[in-house]
Amino acid sequence: MKHPARLSDAEIETRLASLSGWVLAHGTLRREFSFRDFSEAFGFIARVALVAEKMDHHPDWSNAWNRVTVELKTHDAGGLTTLDFELAAAMDRLAGPPPR
């Protein structure tokens, strides 16, 4: 599968404005998701893994109890592409509303 081209800084800023909670950090899109407990966090990871596999675009992430920290970057493009923003939006949908 051919990956899309790297986005310009202006394109990144425009797309970033449409995402909630995501920041640029060292050339990656980064966000920390919080859940009620480990089980919800791990369930989120499993749901995202299925989407990521279909996209053939895999996140760099870590899990600590109820938190999942995600960094997205299209490594073979050397930066951010539309795939990163598509996966970020999918993660937002899968995470649902913040825990109370």
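Numbers given for residues are sequential positions, taken from 1 along each chain in its written order. Confidence filtering applies because this is a predicted model: local features only for residues at pLDDT of at least 70, side-chain atom pairs given and counted only at 80 or more, and all residues used for totals across whole chains, interfaces and linings. Side-chain descriptors were evaluated using all non-hydrogen atoms of the structure, hydrogens and water having been removed beforehand.

Let us look at helix α3 (residues 82-95). Helix and strand assignments come from DSSP, with helices taken as H or I runs of at least 4 residues and strands as E runs of at least 2, each series counted from the N terminus. To estimate how far a helix should reach, multiply one less than its number of residues by 1.5 Å. Spanning 14 residues, α3 covers 20 Å between terminal C-alpha atoms, matching the ideal 20 Å at 1.5 Å per step. For each residue, the accessible area found with a 1.4 Å probe, counting protein chains only, is set against the maximum for its type, and the residue is called buried under 20%, exposed over 50%, and partly exposed in between. Taken as a whole, α3 has its buried residues at L83, D84, F85, L87, A88, A90, M91, D92 and A95. Should any heavy atoms of two residues lie within 4.5 Å, those residues are considered in contact. As for α3, its buried residues are in contact with α1 (9-16), β2 (28-34), α2 (38-55), β3 (60-64) and β4 (67-72).

Further remarks concern the pattern of salt bridges. A side chain with one charge can pair with a side chain of the opposite charge if their charged atoms come near. By convention in these notes, a salt bridge is any Lys or Arg side-chain nitrogen within 4 Å of a carboxyl oxygen on Asp or Glu. Using the criterion set out here, one finds four salt bridges in the structure. The partner of R30 in a salt bridge is E71, with the nearest N and O atoms 3.5 Å apart. With R30 in strand β2 and E71 in strand β4, this residue pair connects regions lying 41 residues apart in the sequence. A relative accessible area of 30% means that R30 is categorised as partly exposed. On the basis of relative accessibility, which here comes to 28%, the residue E71 falls in the partly exposed class. Put simply, R36 and E40 hold a salt bridge, and the shortest N to O gap is 2.8 Å. Of the residues examined, E40 reaches a relative accessible area of 28% and is grouped as partly exposed.

Position of T28 relative to the elements: it lies in strand β2. Residues adjacent in sequence count toward polar contacts only when both atoms are side-chain atoms; beyond that, a polar contact is any pair of N or O atoms within 3.5 Å, and within protein one must be able to donate a hydrogen and the other to accept it. A distance of 2.7 Å separates a polar atom in the side chain of T28 from the backbone oxygen of A25.

Each Phe, Tyr or Trp ring (for Trp, its six-membered ring) is paired with any other whose centre lies within 6.5 Å, and the angle between the two planes then decides the class: stacked below 30 degrees, edge-to-face above 60, tilted in between. Counted by the stated rule, this structure contains five aromatic pairs. Pairing F35 with F44 gives two aromatic rings, centres 5.0 Å apart and planes at 40°, and the pair type is tilted. When its relative accessible area of 6% is taken as the criterion, F35 is described as buried. Judged by centre distance (5.9 Å) and plane angle (25°), the ring pair of F38 and F42 falls under stacked. Taken together, the residues F38 and F42, both in helix α2 and four residues apart, mark about one turn of the helix. Of the aromatic side chains, those joined through ring pairs into one cluster are W22, F33, F35 and F44.

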